Amino acid sequence: MRDKKHLSFLSKSPDDTLAIARALGAALRPGDVVALTGDLGAGKTLFCKGVGEALGIAPDRILSPTFTIVTEHLGPVPLTHIDVYRLSGAREADEIGMRELLSGDGVCLVEWAEKIEELLPIDCIRVTFTISGGDRREIAIAAPDHPRFDDFRARSIRFQSRG
Ligand code: ADP
Ligand code: MG
C-alpha cells in the first residue's frame, strides 16, 4: 500500500470546481472509489458532474434527488453515484449492499462518505470541501501516490494553493 499524496485547491467559482473535477476524472480508472466530504452546498454533486463529464457522462445526468441513494450510469466507464446522506450509517449501508457497490467494476463516487467511513476502501481517493465564504471553496484531495495521478497534478496546477 502506497502513501497518499495530498493537494490543496482553491476554487473561486462553480466553473473552477468543475475544472478540478474534470482533471481528476481523467485520471480515474475502473474500480476507483472517490469519497466526498463537505457540508450541504459545498459542491460535492457539482464535483461529481465534472468527474462524470471526464468519463463521458453528460453533466445533466448527474443529479442530487432527495431520496435516491444510488444511481448507476452506463458510460464508456461505468459510474456509480452514491449519496449516503439519508442513511443512518455504515450498518444500514452494509445492509443495502454498499460493499458490493464499492467493489464494482466502474468508478464509484460517494457523497457524505464520512457516514460510511468503515466501509471505504483504504486506497480510496478523498475529496474534502470547506466553504470559505461566498463562492470560495477549499478542496483537499488525497490520492494514492501512483504515476497516473501525476497528470492530474499537472493539469490542476493553476488551482493548487500549496504543495
Ligand atoms: P453538495 O452536493 O455538496 O450539497 P452541490 O454541488 O449540490 O453541493 O451545490 C453546490 C452549490 O454551491 C451550487 O449551487 C453551486 O452553484 C454553488 N457554488 C458556488 N460556488 C461554488 C464553488 N466554488 N464550487 C462549487 N459550488 C459552488
Ligand atoms: Mg450533493
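Scroll up a little and you will see the structure.
Keep in mind that this is a model prediction, so the values were computed, not measured.

> Even after reading the chapter, I still don't get the coordination of the magnesium ion (ligand 2), so can you show me in this structure?
When a metal holds four donors in a tetrahedron, each ideal angle between them is 109.5 degrees; when it holds six in an octahedron, the ideal angles are 90 or 180 degrees. Distances from the magnesium ion (ligand 2) to its protein donors, T45 (OG1) and E111 (OE), fall at 2.1 to 2.2 Å. Of the two residues, T45 sits in helix 2 (residues 44-54) while E111 sits in strand 5 (residues 107-111), which places them 66 residues apart along the sequence. Here E111 falls in the buried class, since its relative accessible area comes to 2%.

> Any chance you could explain empty space enclosed by the protein here in plain terms?
One water molecule sets the probe size; rolling that probe over the atoms shows where empty space is left. In total, this model carries two cavities of 30 Å³ or more according to the counting rule given. Here the largest cavity is characterised by a volume of approximately 50 Å³. Taken together, L63, S64, P65, T68, I69, V70, T71, H81, D83 and E111 form the lining of the largest cavity. Every element with two or more residues in the lining of the largest cavity is listed here: strand 3 (70-73) and strand 4 (79-83). Split by residue class, the lining of the largest cavity holds four nonpolar, four polar and two charged. The volume enclosed by the second largest cavity comes to roughly 30 Å³. Lining of the second largest cavity is provided by K5, L7, I141, A143, F149, F152 and R153. At the level of secondary structure, the elements contributing two or more residues to the lining of the second largest cavity comprise strand 1 (4-11), strand 7 (137-144) and helix 5 (150-155). Split into classes, the residues belonging to the lining of the second largest cavity amount to five nonpolar, no polar and two charged.

> Could you clarify how one ought to interpret helix 2 in this entry?
Since the α-helix advances by 3.6 residues per turn, residues separated by three or four positions end up pointing in the same direction. Counted residue by residue, helix 2 has eight buried out of eleven residues, so it is predominantly covered. Along helix 2, the residues classified as buried are K44, T45, F47, C48, K49, G50, V51 and G52. Lining the buried residues of helix 2 we find helix 1 (14-27), strand 2 (33-37), strand 4, strand 5, strand 6 (125-131) and strand 7. With its phi angle positive at about 90°, G56 sits one or two positions after the end of helix 2.

> Would you mind showing me how to read the nonpolar core here?
Within soluble globular proteins, side chains that are nonpolar generally end up buried alongside one another. Ranked by internal contacts, the top residues of the largest apolar core, which has 31 residues, are F47, I125, V127 and I141. Of all the elements in the fold, those that place two or more residues in this core are strand 1, helix 1, strand 2, helix 2, strand 5, strand 6 and strand 7. It is helix 1 that provides the largest number of residues to this core, a total of six residues. Setting aside residues no more than four positions away along its own chain, F47 makes contact with T17, I20, A21, L24, L36, V127, F129 and I141. If you look at the next biggest cluster of nonpolar residues, it comprises 18 residues, including L87, L101, L102 and L119.

> Would you mind going over the site of ligand 1 with me for this structure?
Taken together, 15 residues sit near ligand 1, with T17, G41, K44, T45 and D135 positioned nearest. Take K44: an N or O atom from its side chain is 2.7 Å from an oxygen atom of ligand 1. The contact in question runs from an oxygen atom of ligand 1 to an N or O atom on the side chain of E111, over 3.2 Å. About the coverage of ligand 1: the protein hides 74% of its 570 Å² of free accessible area. Residue assignment for the shell around ligand 1 shows that the elements contributing at least two residues are helix 1 and helix 2. Here the shell around ligand 1 gets three residues from one element, more than from any other, and that element is helix 2. Classifying every residue of the shell around ligand 1 gives four nonpolar, six polar and five charged.

Criteria and cut-off values
- Sequence order as written defines residue numbering, which begins from 1 separately in each chain.
- Whichever chain is written first becomes A and whichever ligand is written first becomes 1, with later ones labelled in order.
- Thresholds applied to this predicted model are a pLDDT of at least 70 for local features of residues and 80 or more for the giving and counting of side-chain atom pairs; totals over whole chains, interfaces and linings are not thresholded and use all residues.
- As a convention, hydrogens and water are excluded, and side-chain values are obtained from all of the structure's heavy atoms.
- Each metal's donors are the N, O and S atoms found within 2.8 Å of it, except that Na, K and Ca use a 3.2 Å limit; water is left out, so coordination can look incomplete.
- Starting at the N terminus, helices and strands are each numbered in turn, a helix being any DSSP run of H or I of at least four residues and a strand any DSSP run of E of at least two.
- Here's how the labels work: a residue is buried when its accessible area is under 20% of the maximum for its type, exposed when over 50%, partly exposed in between, all with a 1.4 Å probe on protein chains only.
- Any residue with an atom within 4 Å of a point lines the site, the site being either a cavity, points on a 1 Å grid over the protein atoms alone where a 1.4 Å probe fits but cannot get out, or a pocket, an open set with protein on both sides within 12 Å along at least 5 of 7 lines.
- Grid points are joined across faces, edges and corners, and a volume is the space filled by probe spheres set on the points.
- Three residue categories are used. Nonpolar comprises Ala, Val, Leu, Ile, Met, Phe, Trp, Tyr, Cys and Pro, charged comprises Asp, Glu, Lys and Arg, and polar comprises the others, including Gly.
- What makes two residues a contact is simply this: any of their non-hydrogen atoms within 4.5 Å.
- To form a nonpolar core, buried Ala, Val, Leu, Ile, Met, Phe, Trp, Tyr and Cys residues must be joined to one another through side-chain atoms within 4.5 Å.
- If a single non-hydrogen atom of a residue is within 4 Å of a molecule or strand, that residue counts as near it.
- Polar contacts, as used here, are pairs of N or O atoms within 3.5 Å; protein pairs need one atom able to donate a hydrogen and one able to accept it. Residues neighboring in sequence count only if both atoms are side-chain atoms.
- Throughout, the Shrake-Rupley method with a 1.4 Å probe supplies accessible areas, and for residues the shown protein chains are the sole cover considered.

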